Amino acid sequence: MTTDETAQGGSNTGPLPFDTSKAHQARIYNYLLGGKDNYAADRAVAEAMVANYPDTAFTARANRAFLGRVVRYLTAEAGIRQFLDIGTGIPAAGNTHEVAQAIAPETRVVYVDYDPIVLAHARALLDSSEAGATEYIEADLRDTATILAQAADLLDFSKPVAVTMLALLHAIPDSDDPYGIVATLMAAVPSGSYLAISLGASDLVKQETMRSIADSWNSGSQQRVTWRSREQVARFFAGLDLIEPGLVPVEDWRPEPGTTDEGKSIGWCAVARKP
Amino acid sequence: MNTGSTSGEASGAGQEEPAAEATVLRMLLGAQLRRLREAAGISAEKAGYEIRASRSKISRMETGRVGLKLRDIEDLLTLYGVAGERERTKVLALARRSREPEWWTQYNDILPDWFETYLSLEPAAATIRSFETQFVPGLFQTGDYARAVTRLGHKAAPDAEIERRVGLRLGRQDLLDGRQQPRIWVIMDEAVLRRPVGGVLVMRAQLRRLTEAAQLPGVRLQVVPFAQGGHAAASGSFSILRFEEQDLPDVVYIEQLTSAVYLDQRADVEHYLEVVDLLSGEALSPADTMRFLEQVADDT
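The model shown is predicted, which means the values in this text are computed figures rather than measured ones.

Cut-off values and rules
- Residues numbered from 1 in each chain as written.
- Chains lettered and ligands numbered in written order.
- Predicted model: local features only at pLDDT ≥ 70, side-chain atom pairs only at ≥ 80, totals over all residues.
- Heavy atoms only, no water.
- Helix = DSSP H or I, 4+ residues; strand = E, 2+ residues; numbered from the N terminus.
- Buried < 20%, exposed > 50% of the residue type's maximum accessible area, 1.4 Å probe, protein only.
- Areas by Shrake-Rupley, 256 points an atom, 1.4 Å probe, with all protein chains shown as cover.
- Axes fitted to C-alpha atoms, helices over the stretch in contact; angles between N-to-C directions.
- Left-handed = near helix turned anticlockwise from the far one by under 90°.
- Contact = heavy atoms within 4.5 Å.
- Core = buried A, V, L, I, M, F, W, Y, C linked by side-chain atoms within 4.5 Å.
- Buried area = accessible area lost by both parts, 1.4 Å probe.
- Salt bridge = Lys/Arg side-chain N within 4 Å of Asp/Glu carboxyl O.
- Polar contact = N/O pair within 3.5 Å; in protein donor to acceptor, adjacent residues only side chain to side chain.
- Nonpolar A, V, L, I, M, F, W, Y, C, P; charged D, E, K, R; others polar.
- Phe/Tyr/Trp six-rings, centres within 6.5 Å; stacked < 30°, edge-to-face > 60°.
- Lys NZ or Arg CZ within 6 Å of the ring centre and 35° of its normal.
- Pairing = 2+ DSSP bridges.
- Arc of directions from axis to C-beta.
- pLDDT = per-residue confidence, 0-100.

I would appreciate a short explanation of the overall build of chain B in the present structure.
Counting its regular elements, chain B contains 13 helices and 6 strands. Across the 300 residues of chain B, 49% fall into the buried class. When the accessible surface of chain B is totalled, it reaches about 14400 Å², and 50% of it is carbon and sulfur.

Structure (structure tokens):
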């Protein structure tokens, strides 16, 4: 697809530098969701993406709605009480711990992000319920050792954990071994744990469209994107049992009746249980 | 009340944005009414007809350029199917705030216009982020600290006037008891904690008050220690007020000696947003700030 300088140059695994002259994924997403925590560079990239594919903003909203549904499902139906939410993003309505703790107040959530603006907002704005707990880790997804070591302060890895990586893995090129990263994280959690993933799809709309969206993104952003096909996404779930309805566009995963926001997203998602 | 005593104020005040107060609150109100009208699927013509006004009056009202009588707003809410007492009360309270005198009118004699604007914006905000370089933020000041700060600015003032100024300052703190209070997110330079305004005893009590404030729901305090963050030195104090309504811009408030500046152009606001975003990442986390506050209190 697009050339990937990050991949060739070797990725750093430290925090993302704070830079408002370049777009950040979290702030692009914030803008697409109608938030105000974004800068001119973020809006320029987001608008270029929308110009290439008008349902880009719908995709962001649909992904956010998927977050709500999957956390509700995992808490209410799968009985999950521990979440490892990687790629937290700037807090918006219905954050993971809010959704989960509304159902089970004792739920513990560890948020992980490598964008300092996300951590600053998360630490300041996310209030845990009294019964539960939240923690924030500043770490790059590629640094799984740090994530697992620090998450263990709050999460009990002998009990099931839901690992969620929503709208995240498209920021990890193949050269950084995203499959190995996911496998490492899932190896650290016991049977009965869950994996939820959503990411940008290379094959839900025309390839040229996705290439132009990637170009808009890559030209103004600190991060680079790699879209993935259905087959490539399925590989993340190797050895896990997919939950119905399997691997689908984000708006089609257990949609709730009465949803009025309609469009055609460019994001795949799936949820699976570790046997 | 107090007629005739405000002449001293007129000289330097009100230059920046004469109608900013009414405008921002009316914009808030208008934006809410437009959202309710659209949600109900009612045209501006029909809404206008309901209150014997033109379509263009509705549209001017919804963009905050004109106000409406409370009775008309009540009729519109009914037309829009807003029946819940809570939502009606919320909109009507905003309407009242946008047109009627507030608690601080009792301080008219000492209250400059430029600060009155801030007082009207403060409770309407969803989030207030501020950066403080010198003083403990007014919302968290003890009476003694407030008195000491006020004396710095009004050395020759009689005690009675000082007390009135302190009363005004402390009156704002009622906001913290409100259920609909804005989220207050303050970043303070370490200097704020170290400068013993009013003396050591006053400061010690003030630091205790800050640790209590840090635990209030909806309040977040962060300190930028001297050891860290050169950016803290590059800016003076300011606040950014953010409103829930998506179409309302953030407003930056910068207090000067005899006036204040209000910025709401995105390009201007963004510089300040960048400073607080950067500093909130560099500053101690809210949890570490608690420990830091306790440590400074022990040193004081």
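What's the story with the packing of helix α2 (residues 25-32) of chain A against helix α3 (residues 40-52) of chain A in this structure? I'm lost.
Two numbers describe a pair of packed helices, the interaxial angle and the distance between the axes. All names here are of chain A. Running from N to C, α2 and α3 point in directions that differ by 65°, and their axes come no closer than 9 Å. The two elements α2 and α3 cross, and the hand of that crossing is right-handed. Facing α2, whose interface residues are Arg27, Ile28, Tyr31 and Leu32, α3 presents Asp42, Arg43, Val45, Ala46, Glu47, Met49 and Val50.

Is there a simple way to think about the nonpolar core in this case?
Judged by nonpolar contacts, the single largest core of 71 residues is most densely connected at B:Ile73, B:Phe140, B:Leu193, B:Leu210, B:Leu221 and B:Phe243. It is helix α11 (residues 200-214) of chain B that provides the largest number of residues to this core, a total of 6 residues. Sequence-distant contacts of B:Leu221, that is, excluding residues within four places in its chain, are made with B:Phe140, B:Val186, B:Met188, B:Leu210, B:Ala214, B:Pro286, B:Thr289 and B:Leu293. With 39 residues, the next largest nonpolar core counts A:Phe157, A:Leu168, A:Ile197 and A:Leu199 among its residues.

How do you make sense of the interface of chain B and chain A when you look at a structure like this?
Many authors give the size of an interface as the accessible area that is lost as the parts come together. Contact residues are listed per partner, giving 22 residues for chain B and 17 residues for chain A. In total, about 1700 Å² of surface goes out of reach between chain B and chain A, with carbon and sulfur atoms giving 47% of it. Summed over the shared surface of chain B and chain A, the result is 2 salt bridges. Between A:Asp37 and B:Arg242 there is a salt bridge whose closest N-O contact spans 3.0 Å. Across the chain B-chain A interface, the total number found is 14 residue pairs in polar contact (both at pLDDT 80 or more). Broken down by class, the residue content of the side of chain B that touches chain A amounts to 7 nonpolar, 5 polar and 10 charged.

Any chance you could explain the packing of aromatic side chains here in plain terms?
In this description, a pair of aromatic rings is defined by centroid distance and the angle of the planes. Under the definition given, this model contains 11 aromatic pairs over all chains. A ring pair is formed by A:Phe66 and A:Trp253, whose centres lie 5.6 Å apart and whose planes are at 85°; its orientation type is edge-to-face. Residue A:Phe66 is found in helix α4 (residues 56-77), and its partner A:Trp253 is found in the loop between β7 (248-249) and β8 (267-273); the two are separated by 187 residues along the sequence. Each member of the pair, A:Phe66 together with A:Trp253, is buried. Judged by centre distance (6.0 Å) and plane angle (15°), the ring pair of B:Phe115 and B:Tyr118 falls under stacked. Residue B:Phe115 and its partner B:Tyr118 are located together in helix α7 (residues 113-121), separated by 3 residues, close to a single helical turn. Residue class for B:Phe115 comes out buried when judged on its relative accessible area of 12%. Classification of B:Tyr118 by relative accessible area gives buried; the value is 4%. Sitting above the plane of the A:Tyr179 ring, A:Arg235 keeps its charged end 3.8 Å from the centroid.

Help me understand helix α5 (residues 96-103) of chain A, please; the structure alone is not making it clear to me.
Counting along an α-helix, one turn takes 3.6 residues, and residues three or four places apart therefore face a common direction. Inspection of α5(A) places A:Thr96, A:His97, A:Val99, A:Ala100 and A:Gln101 among the buried residues, and these make up the whole buried set. Residues of α5(A) that are buried make contact with α4, β1 (82-86), β2 (108-113) and β3 (133-138) of chain A.

Teacher, can you tell me more about the sheet that holds strand β2 (residues 183-189) of chain B here?
Two orientations exist for strands paired in a sheet by backbone hydrogen bonds: parallel and antiparallel. Residues and elements named next belong to chain B. Here 6 strands make up an open sheet; going across it, the order is β3-β2-β1-β4-β5-β6 and the pairing mixed. Strand pairing shows two members of the sheet lacking a second neighbour, β3 (219-224) and β6 (260-263), which therefore form its edges. Direction aside, neighbouring strands of the sheet carry axes that sit 15° apart on average. On top of the sheet, helix α12 (residues 266-282) reaches β1 (127-132), β2, β3, β4 (238-242), β5 (251-255) and β6; it is set at about 105° to β4, its chief contact.

For this particular structure, what's the right way to read helix α5 (residues 70-79) of chain B?
Residues and elements named next belong to chain B. Among the residues of α5, those classed as buried are Leu70, Asp72, Ile73, Leu76 and Leu77. One side of α5 carries all its buried residues, which in axial view fall inside an arc of 155°. Exposed side chains of α5 directed beyond 90 degrees from the buried face belong to Arg71 and Thr78. Residue Gly81 follows α5 closely and has a positive phi angle near 75°.

Just to check I follow, could you spell out the confidence of the model for chain B for this structure?
Any segment with low pLDDT has predicted coordinates that should not be analysed in fine detail. When pLDDT is averaged along chain B, the result is 84, and 88% of the positions lie at 70 or above. Per the prediction output, this complex has pTM 0.82; the corresponding ipTM is 0.84.

In this structure, what is going on with unusual backbone geometry? I would like to understand it.
Peptide bonds are mostly trans, and most non-glycine residues show a negative phi. A cis amide bond links A:Glu244 with the next residue in sequence, A:Pro245, at an omega value of 5°. Position of A:Pro245 relative to the elements: it lies in the loop between β6 (241-242) and β7. The phi angle at A:Ala167 is positive, at roughly 50°, despite the residue not being glycine. Position of A:Ala167 among the secondary structure elements: in the loop between β4 (162-166) and α8 (178-187). One non-glycine residue, B:Arg52, adopts positive backbone phi at about 55°.

For this particular structure, what's the right way to read the pattern of salt bridges?
Any two side chains of opposite charge can pair, on the condition that their charged atoms come close. A complete count under the given rule lists 28 salt bridges over all chains for this structure. Note that A:Arg142 is salt-bridged to A:Asp176, the shortest N-O span being 2.5 Å. Of this pair, A:Arg142 sits in the loop between β3 and α7 (144-151) while A:Asp176 sits in the loop between β4 and α8, and the two are 34 residues apart along the sequence. Judged by relative accessible area, which is 15%, A:Asp176 ranks as buried. The salt bridge partner of B:Arg242 is B:Asp250, with a shortest N-O separation of 2.8 Å. Each of the two residues, B:Arg242 as well as B:Asp250, counts as buried. Each of A:Asp37, B:Arg242 and B:Asp250 takes part in salt bridges that share partners, so that together they form one network.

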